[in-house]
Amino acid sequence: PEPKLMLVIRIRGIIGVSPKAKKVMQLFRLRQIHNATFVKLNEATRRMLRLIEPYVTYGPPTRATIEKLIYKRGFIKLNNQRIPLATNEVLQDSPLGKEFGIRCTADLVHELVTVGPNFKQANNALWPFKLGNPTDGFSTKTKLLHFMEGGETGDRGEEINKLVKRML
């Protein structure tokens, strides 16, 4: 089956990015290198991903990866502040808990994994994940090549999960 959800990680800086690609990355909230966000896959987003392929890498995340990201690097937007998802109270008091019934981190993970009806609200309330450099780094010679050519950018399928593990 086609994956519905993609995890997109920006792996190139901000210099020399074409305006169109820049705009797409802003829409995906990938304003900083090593930022990661979830993107729901449809025709439109697929085209957008194709546009920014040279600057990002992406793939379908497993449930375990989503959980790790949220438990370790999860921050939520509350009154324009970046609040860590340390306790479930944070979610209960947020609009997510009150309006959309996402009351705990498990609910949040479930909503993202299944790309449920409130996926948009859930994903939007999440601050983009700020990841670190991957342990053992990217391969310097080939970082800018497509993943298929032995580089790092573009669609890497299931391998995205290994990369995230190294970046958490």
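Residues numbered from 1 in each chain as written. Predicted model: local features only at pLDDT ≥ 70, side-chain atom pairs only at ≥ 80, totals over all residues. Heavy atoms only, no water.

A. Representation of the packing of aromatic side chains within the structure. This structure, assessed with the given rule, holds one aromatic pair. Pairing Phe38 with Phe129 gives two aromatic rings, centres 5.5 Å apart and planes at 80°, and the pair type is edge-to-face. With Phe38 in strand 2 (residues 35-40) and Phe129 in strand 6 (residues 129-130), this pair connects stretches of sequence that are 91 residues apart. Exposure remark for Phe129: the relative accessible area of 1% places this residue in the buried category. (Phe/Tyr/Trp six-rings, centres within 6.5 Å; stacked < 30°, edge-to-face > 60°. Helix = DSSP H or I, 4+ residues; strand = E, 2+ residues; numbered from the N terminus. Buried < 20%, exposed > 50% of the residue type's maximum accessible area, 1.4 Å probe, protein only.)

B. Region of the structure containing unusual backbone geometry. The backbone phi angle of Asn79 is positive, close to 45°, even though this residue is not glycine. Within the secondary structure layout, Asn79 lies in the loop between strand 4 (75-78) and strand 5 (81-84). With a phi close to 50°, Val115 is a non-glycine residue in the positive phi region. Among the structural elements, Val115 can be located in the loop between helix 6 (105-114) and helix 7 (119-125). Under the relative-accessibility criterion, Val115 is labelled buried at 11%.

C. Quick look at the confidence of the model for the protein. Per-chain confidence: the protein averages 91 in pLDDT, with 100% of residues scoring 70 or above. Element-level mean pLDDT values for the protein span from 88 in helix 4 (residues 88-93) up to 95 in strand 2. (pLDDT = per-residue confidence, 0-100.)

D. Representation of helix 3 (residues 63-73) within the structure. Within the span of helix 3, buried status applies to Thr65, Ile66, Leu69 and Ile70. On an axial view of helix 3, the arc spanned by its buried residues comes to 125°, and they lie on one face. Among the structural elements, strand 1 (5-10), strand 2, helix 6, strand 6 and helix 8 (160-167) are those in contact with the buried residues of helix 3. (Arc of directions from axis to C-beta. Contact = heavy atoms within 4.5 Å.)

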